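So you can see what is in the structure, the chains are spelled out below.
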Amino acid sequence: MGKLSGKIGVMMGVANDRSLAWAISQALYAEGAELVFTYLPGPSNERRVKKLLGPFQPKLLLPCDVQNDDDITAVFRTVGKTYGRIDMLLHSIAFAPPAELKKPYVQTSREGFHRAMDISVYSLVSACRAASAWMPPGGTILTITYFGAEKVMPGYNLMGVCKAALEHSVRYLAWDLGREKQIRVNALSAGPMRTLSSAGLAEFDQMLRHAARKACLNRNIEFEEIGATGLYLLSDASSGVTGEIVHVDAGYNIVGL
Ligand code: 0WD
């Protein structure tokens, strides 16, 4: 019997075996959780995710473009009706048009700004609303953020502004859902990891080298470290923690120089 036996989790944002959401899913599986996955609709995404999940045989693998309210409603209705409850939600989704990330923030277009905010921030609000309808007291929600929300990280640009909005959304959601239903909402602020989406960032290799040099632990973080903290934040081990931004960055964020 694992710590999460009998718990139902919805995992949004597994794109491949390097996704941060996959690190957390593996840690939850190891503790006996029953997991359901969503993927961005598209034949190649579906194929990739199906192949990855094959050995785990999840009961549900559902298409969900978070820009579409009907998709979000359908996902949580299907999971809710299948299991009668949802205990955990992982939101590990972000997107900004690559061209927007290549230009200085001051040049951000209105359309690019709206699209990035919609996918990277509003999707959390919408998913929290839909998931919480099926969550019993003690339900937990986790999203993934980055230090570029707190300080200027050249090259992170528009996504830094999205992450700042995401982090403050976590606090307001923690207040609303905590008061209303005893549901917790937190964010894990991860150090840089090589994944599909980070590959789109200009100078990512330089960012990785710099992060390792500056961090207290003098290294970058490991995939399994994201999994372990994700498990903590999605389980009762963190029952007194909500509205927090927990850094898993080898201590990078506390160093000034
Ligand atoms: O260094 C890193 N990789 C860090 C990532 C450091 C700190 C934070 N993060 C954050 C990201 O900003 C994101 O919020 O972690 C989260 C997950 O990122 P990841 O694991 O690096 O990225 P990836 O494996 O690419 O998963 C993100 C997924 C998308 O994958 P692709 O590569 O296909 O775009 O977000 C999903 C999609 O599966 N996604 C969407 N899902 C539903 N609807 C949408 C959408 N419209 N757009 C993107």
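The structure we're discussing is the one just above.
Residues numbered from 1 in each chain as written. Predicted model: local features only at pLDDT ≥ 70, side-chain atom pairs only at ≥ 80, totals over all residues. Heavy atoms only, no water.

Trainee: Help me understand the nonpolar core in this model?
Mentor: Generally speaking, soluble globular proteins have nonpolar side chains that are buried together. Formed by 86 residues in total, the largest nonpolar core has its most connected members in Leu28, Phe76 and Val79. It is helix α5 (residues 110-132) that provides the largest number of residues to this core, a total of 9 residues. (Core = buried A, V, L, I, M, F, W, Y, C linked by side-chain atoms within 4.5 Å. Buried < 20%, exposed > 50% of the residue type's maximum accessible area, 1.4 Å probe, protein only. Helix = DSSP H or I, 4+ residues; strand = E, 2+ residues; numbered from the N terminus.)

Trainee: Sorry, what's going on with the site of the ligand here?
Mentor: Within the structure, the ligand sits among 26 residues, and Ser19, Lys163, Met193, Thr195 and Ser197 are positioned closest to it. Between the ligand and the protein, one listed contact pairs an oxygen atom with a backbone N or O atom of Leu20 at 2.9 Å. Within the backbone of Met193, one N or O atom sits 2.7 Å away from an oxygen atom of the ligand. Protein coverage of the free-state accessible area of the ligand, which is 860 Å², stands at 91%. Among the detected pockets, the ligand sits in the largest pocket. For the shell around the ligand, the class distribution of residues is 15 nonpolar, 8 polar and 3 charged. (Near = heavy atom within 4 Å. Polar contact = N/O pair within 3.5 Å; in protein donor to acceptor, adjacent residues only side chain to side chain. Areas by Shrake-Rupley, 256 points an atom, 1.4 Å probe, with all protein chains shown as cover. 1 Å grid on protein atoms, 1.4 Å probe; cavity = no way out; pocket = protein on both sides within 12 Å on 5 of 7 lines; lining within 4 Å. Sits in = over half its atoms within 2 Å of the grid points. Nonpolar A, V, L, I, M, F, W, Y, C, P; charged D, E, K, R; others polar.)

Trainee: Looking at this structure, I do not really get empty space enclosed by the protein. What am I missing?
Mentor: Left-over empty space is what a probe sized like a water molecule reveals as it rolls over the atoms. Inspection of the entire model under this criterion finds 3 cavities of 30 Å³ or more. Looking at the largest cavity, its volume works out to about 90 Å³. Forming the walls of the largest cavity are 13 residues, and the residues nearest its centre are Tyr146, Phe147, Gly191, Pro192 and Tyr252. Contributions of two or more residues to the lining of the largest cavity are made by β6 (184-190) and α7 (204-214). Take the lining of the largest cavity: its biggest share by element is 3 residues, from α7. A breakdown of the residues in the lining of the largest cavity according to their chemical character gives 8 nonpolar, 4 polar and 1 charged. Size it by volume and the second largest cavity reaches roughly 50 Å³. (Points joined across faces, edges and corners; volume = space filled by probe spheres on them.)

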